[in-house]
Amino acid sequence: METPGRIAATPDNLDFTVENVEKALHQLYYDPNIENKNLAQKWLMQAQVSPQAWQFCWSLLSPDKVPEIQYFGASALHTKISRYWSDIPTDQYESLKTQLFSQIACFSSGSKMVLTRLCVALASLALNTMPEAWPGAVSEMVRVFQEEGGGVDGRARCLALLELLTVLPEEFQTSRLPQYRKGQVRGALGQEWGSVCPLLQQLLQRTDSPGAVKARVLRCLSSWVLLDVPLSESESLVHDCFSALPDPELFDTAVEAIVNAISQPDSQRYVNTLLKLVPRVLALQEQLREAVQSGDMETCHGICRIAVTLGENHSRTLLEQVDHWQGFLALVNMIMFCTGIPGHYPVNETTSSLTLTFWYTLQDEIMSFETDKQAVYLQVYRPVYFQLVDVLLHKAQFPTDQEYDSWSSDEKEQFRIYRVDISDTLMYVYEMLGAELLSNLYEKLGRLLTNTEQPTSWQHTEALLYGFQSIAETIDVNYSDVIPGLIGLIPRISINNVQLADTVMFTIGALAEWLADHPVMLSSVLPLVLQALGNPDLSVSSVSTLKKICRECKYDLPPYATNIVAVSQEVLIKQIHKTSQCMWLMQALGFLLSALPVEDILKNLHSLITPYIQQLEKLADETPNPSNKLAIIHILGLLSNLFTTLDISKQDDESADGSAPPVKTAPPPPGPNPVVVVLQQVFALIQTVLGKWLNDSQVVEAVCAIFEKSVKTLLHDFAPMVSQLSEMLGQMYSTIPQAPALDLTRQMVHIFASETDHFPPIKALFELVTSVTLSIFQQGPRDHPDIVDSFMQLQAQALKRKPDLFLSESLDVKAVFHCGVLSLKFPEAPTVKSTCLFFTELIPRCSDVPPLARVMQEDGKLLMQAMLEGIGGGASRCLMDQFAEVIFSLNKNCFSLLVVWLKEALQPPGFPSSRVTTAQKDNFSQQILRERVNKRRMKDIVKEFTLLCRGLHGTEYAAEY
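In the nomenclature of an unreviewed UniProt entry, the protein chain corresponds to Importin-13 from the organism Champsocephalus esox. For the protein chain, the Subunit (unreviewed entry) comment in UniProt is given as "Interacts with UBC9, RAN, RBM8A, eIF-1A and PAX6." For the protein chain, the Sequence similarities (unreviewed entry) comment in UniProt is given as "Belongs to the importin beta family."

This is how it looks when you write it as structure tokens:
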């Protein structure tokens with residue numbers, strides 16, 4: 001066979017003939033060259049939307065063509081009808097409809113994929129013409145396909161009609177009809193249900209209907225109920241679906257139809273219909289038990305979905321039918337059976353996870369009743385929820401070691417997530433069951449650990465502890481009277497398994513706050529944690545637990561400090577833990593040391609840090625290479641994390657991990673801060689390291705992190721370091737400018753710029769980094785968006801904390817302003833956001849800082865032009881709120897100048913967009929100048945104008961904006 005010529009190799013070739021389309025399709029399907037395939041695809045997409053598509057699509061549907069070509073013809077038809085409906089003259093609607101009916105009849109015995117595409121095309125035509133141009137569209141479809149003729153057998157005609165009726169609601173769901181049309185068409189389709197329902201019933205109830213027809217009927221019902229067909233009108237069909245469930249061929253589609261029907265939001269209005277469905281669902285229990293016994297996971301899954309859907313969507317409605325409480329309780333127990341289905345998730349069963357949200361929903365509904373009514377329901381359902389806890393803890397149990405080892409990593413991960421879901425459910429259930437739940441768990445654990453006659457499996461013990469941990473992690477258990485007993489039981493647990501040991505650790509960690517209130521119990525659990533630190537398999541659980549204890553109980557830990565530091569040092573030297581756990585361990589030690597006397601802190605710091613300092617000295621002498629780079633970053637990271645939490649002042653510890661500035665509540669002890677002492681000792685060494693690694697951004701970032709975290713933690717205690725750190729930062733940035741140095745400078749400005757003693761070095765550093773960055777702007781800043789971002793944040797911080805910095809003759813304020821205007825045009829959104837922040841800080845300070853006022857008077861128009869350029873389409877739409885804030889600030893602080901700038905900037909035709917008229921620009925200008933009070937309104941004005949500029953006003957994109 002001769003290979004057709006490559007039509008799509010020249011994208012400019014727009015001769016959309018049948019022959020060329022066929023050549024392009026051959027190229028798309030059979031050409032091995034991916035570039036040719038892509039070109040063919042591009043050309044075919046153009047062909048599909050071209051005016052010529054009306055000619056070639058019918059020819060491509062010719063019976064002598066292969067299905068791939070016919071499919072493209074049918075797709076082209078659908079594209080033209082669904083997306084270019086307005087191009088079709090009204091007088092051609094009828095002939096187009098007739099042709100489509102004819103083609104569907106032809107293909108009812110042909111290719112299934114082509115038939116579906118043709119049905120979708122006719123469905124799209126129906127949606128565009130009903131109800132005015134094609135009233136009773138669905139009735140006509142049913143009538144046309146029920147008529148004999150065309151040489152097509154009845155079964156094929158029936159299947160084609162069902163396909164058409166199935167895709168019609170689906171096409172409606174995805175159609176691009178305007179909102180007002182959607183409402184009209186939905187109403188028209190709702191009225192047409194009267195033509196569809198009897199047909200589906202008749203086909204489903206006939207004993208001689210083939211399985212394929214019944215399956216298609218069920219699919220069709222699934223599709224229609226998504227249009228909110230009233231449940232009372234589909235009731236008999238839903239009952240027929242239940243009757244179809246014993247047939248394995250129809251099971252999946254019947255489940256889907258039932259689930260879709262009873263989960264429609266409107267269905268809860270039909271109380272009597274729902275009550276009739278409860279016994280139908282309960283009658284499935286026999287089929288469910290048989291499926292469990294035979295290991296038929298699909299059937300278990302399907303029946304469970306039906307029970308859960310009914311329970312989850314209608315629990316309140318069914319709870320309120322007090323005369324039928326036993327039926328609903330039976331449904332709840334059926335769902336309980338599904339929750340506790342035998343086997344281990346996800347290997348032997350995948351059903352139990354479907355039920356968890358039902359228990360949340362039921363609890364919410366019960367707890368939402370008024371007190372008297374709630375008490376009645378709790379009498380019935382509290383025992384059910386206690387049973388649920390037992391079931392969930394049984395499901396959370398690990399399999400035998402042998403079985404678990406045979407699981408794939410993916411199965412283990414799914415099981416881990418499943419246990420997290422169970423943990424969340426237990427935490428939620430605690431809201432209903434309260435302290436009695438903890439007592440219940442404690443009694444079970446006590447019986448298990450004190451029963452000498454019957455050996456217990458570690459899995460059972462682990463699951464009960466996991467229950468405790470799930471609750472204690474998020475609920476305040478400080479007032480529970482069973483926690484002392486639990487802490488007493490923990491040392492009695494025979495730990496011979498990693499999973500059990502992990503859970504013991506996490507449980508201790510979850511009780512860290514309780515231990516802070518009951519420090520006498522620390523001696524029971526701390527030895528277990530320190531022992532676990534030496535086991536690499538328990539790395540995450542042991543380190544995170546020690547960190548929690550050191551954070552919560554630090555003022556009670558001095559008697560144990562020597563031991564904790566010694567064990568920690570040992571595991572760090574042996575390199576038992578991965579990098580992130582080493583960092584956590586250093587944070588733990590920072591918390592621990594914070595509570596010791598200063599001399600003890602220094603002594604411990606000396607022994608802890610000296611080996612690393614020696615290692616760093618050795619590395620600093622070596623020629624830079626990838627392996628010693630990693631070692632340097634690791635050591636610098638350890639120091640950073642230690643200094644993040646080492647704070648000798650009494651303070652509110654909420655933000656110890658750096659999420660917010662800590663609140664000091666008492667002055668620190670006299671004398672230099674231990675962190676400062678250490679930093680001064682290693683300062684020269686860090687400078688040496690920097691000297692060799694200054695061109696490596698990761699090492700620079702790691703060095704800056706040490707000082708940044710120390711500054712954040714120590715605040716004004718960092719004062720002795722300000723002068724030498726300012727000097728080092730200046731040298732660093734002058735040699736190779738990098739963003740972390742600017743970020744650290746910003747921290748220094750934030751804390752020390754207002755202090756007279758420290759103003760000179762801060763001022764010198766600020767002027768130096770500003771001067772260096774201005775030279776980057778002269779050379780071309782586009783390659784350094786991170787530096788520009790950090791620079792703008794630094795300037796904003798300086799304006800906020802110490803506007804006097806801008807009075808200096810050494811600072812080129814005009815150049816900084818121009819850099820800001822240039823930065824507004826960067827494509828990176830974070831950079832533009834930081835620049836807008838700079839201008840919103842700068843504008844209000846013009847009245848107090850003459851150099852700022854001068855530059856604003858001279859060059860403010862440039863700022864306004866840059867803002868308008870961005871609003872006109874030059875900047876991302878997500879930045880419009882920030883642009884609006886700058887304009888709002890200009891309006892409040894520079895009104896008379898803004899009037900002139902707006903008039904001049906908006907004067908040129910086509911600016912800021914060719915899509916807006918002079919009248920629209922004038923209206924925008926007037927709206928802005930009127931709005932000096934409501935910032936929210938200013939944001940709306942800017943959003944509306946940017947949509948006009950982009951041609952998006954009134955579109956679906958605008959609705960999402």
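What to know about unusual backbone geometry
Of the consecutive residues Met-130 and Pro-131, the connecting peptide bond is found in the cis state with omega at 0 degrees. Examined against the element boundaries, Pro-131 turns out to sit in the loop between helix H6 (112–129) and helix H7 (137–146). Residue Tyr-345 is joined to Pro-346 through a cis peptide bond whose omega torsion reads 0 degrees. In this structure, Pro-346 sits in the loop between helix H16 (325–339) and helix H17 (356–368). In this structure, Asp-228 takes a positive phi of about 65 degrees despite not being glycine.

Regarding the packing of aromatic side chains
Applying the stated criterion to the full structure yields 25 aromatic pairs. Ring centres 4.6 Å apart and planes at 35 degrees place the aromatic pair Tyr-360 and Tyr-428 in the tilted group. With a gap of 68 residues between them, Tyr-360 in helix H17 and Tyr-428 in helix H20 (residues 409–433) connect regions that are remote in the sequence. On the accessibility criterion, Tyr-360 (23% relative accessible area) is partly exposed. Exposure remark for Tyr-428: the relative accessible area of 26% places this residue in the partly exposed category. Cluster of aromatic residues (ring-pair linked, three or more members): Tyr-345, Phe-398, Tyr-404, Trp-407, Phe-415, Tyr-418 and Trp-458. Taking NZ or CZ as reference, Lys-182 lies 5.3 Å from the ring centre of Phe-172, over its face. When the ring centre of Phe-759 is taken as origin, the NZ or CZ atom of Lys-802, which lies over that ring, is 5.2 Å away.

A few points about the pattern of salt bridges
Per the counting criterion, the structure on display carries 36 salt bridges. Of the charged contacts, one joins Arg-551 and Glu-552 as a salt bridge, the two residues approaching to 3.2 Å between their closest N and O atoms. The exposure class of Arg-551 is partly exposed, given its relative accessible area of 24%. Each of Lys-112, Glu-163, Arg-216 and Arg-219 takes part in a single network of salt bridges with overlapping partners.

What to know about helix H32 (residues 674–693)
Between its first and last C-alpha atoms H32 spans 27 Å; for 20 residues at 1.5 Å apiece the expected length is 28 Å, and the two agree. The largest bend along H32 reaches roughly 45 degrees and is located at Val-682.

Remarks on the UniProt feature "domain: Importin N-terminal" (unreviewed entry) in the protein chain
In the UniProt entry, the feature "domain: Importin N-terminal" (unreviewed entry) is given for residues 40–106. The span residues 40–106 shows a helical share of 73% and a strand share of 0%, and its end C-alpha atoms are spaced 29 Å apart.

A word on the side chain of Thr-425
Here Thr-425 is to be found in helix H20. In this structure the side chain of Thr-425 is engaged in a polar contact, spanning 2.7 Å, whose partner is the backbone oxygen of Asp-421. Excluding residues that lie within four positions of it along the chain, Thr-425 makes contacts with Leu-356, Tyr-360 and Leu-392.

Here's the deal with the environment of Leu-318
With respect to the helices and strands, Leu-318 occurs in helix H15 (residues 297–320). Taking relative accessible area as the criterion, Leu-318 reaches 3% and is therefore assigned buried. In sequence terms Leu-318 and Val-271 are 47 residues apart; their C-alpha atoms lie 7.9 Å from each other. Residues in contact with Leu-318, not counting those within four places in the same chain, are Leu-274, Leu-275, Val-278, Leu-310, Phe-328 and Leu-331.

Let's talk about the side chain of His-78
Along the chain, His-78 falls in helix H4 (residues 67–83). Here Glu-171 takes part through its side chain, which lies 2.9 Å from a polar atom of the side chain of His-78. Not counting residues up to four positions away in its chain, the partners in contact with His-78 are Arg-83, Arg-117, Val-120, Ala-121, Ser-124 and Glu-171.

What about H6?
The end-to-end C-alpha distance of H6, which contains 18 residues, comes to 26 Å, matching closely the 26 Å that a straight helix rising 1.5 Å per residue would cover. For H6, the buried fraction is high: 15 of the 18 residues fall into the buried class.

A closer look at the nonpolar core
In this structure, Tyr-381, Phe-707, Phe-718 and Leu-863 are the most contacted members of the largest nonpolar core, which totals 339 residues. The contacts of Phe-718, once residues within four sequence positions are left out, are Val-676, Leu-679, Phe-707, Ser-710, Val-711, Leu-725, Met-748 and Phe-752.

About the cut-offs
- Residues numbered from 1 in each chain as written.
- Predicted model: local features only at pLDDT ≥ 70, side-chain atom pairs only at ≥ 80, totals over all residues.
- Heavy atoms only, no water.
- UniProt positions renumbered as here; feature names shortened; annotations may be inferred.
- Helix = DSSP H or I, 4+ residues; strand = E, 2+ residues; numbered from the N terminus.
- Phe/Tyr/Trp six-rings, centres within 6.5 Å; stacked < 30°, edge-to-face > 60°.
- Buried < 20%, exposed > 50% of the residue type's maximum accessible area, 1.4 Å probe, protein only.
- Lys NZ or Arg CZ within 6 Å of the ring centre and 35° of its normal.
- Salt bridge = Lys/Arg side-chain N within 4 Å of Asp/Glu carboxyl O.
- Expected span 1.5 Å × (residues − 1).
- Bend = angle between axes of the 7 residues up to and from the residue.
- Polar contact = N/O pair within 3.5 Å; in protein donor to acceptor, adjacent residues only side chain to side chain.
- Contact = heavy atoms within 4.5 Å.
- Core = buried A, V, L, I, M, F, W, Y, C linked by side-chain atoms within 4.5 Å.

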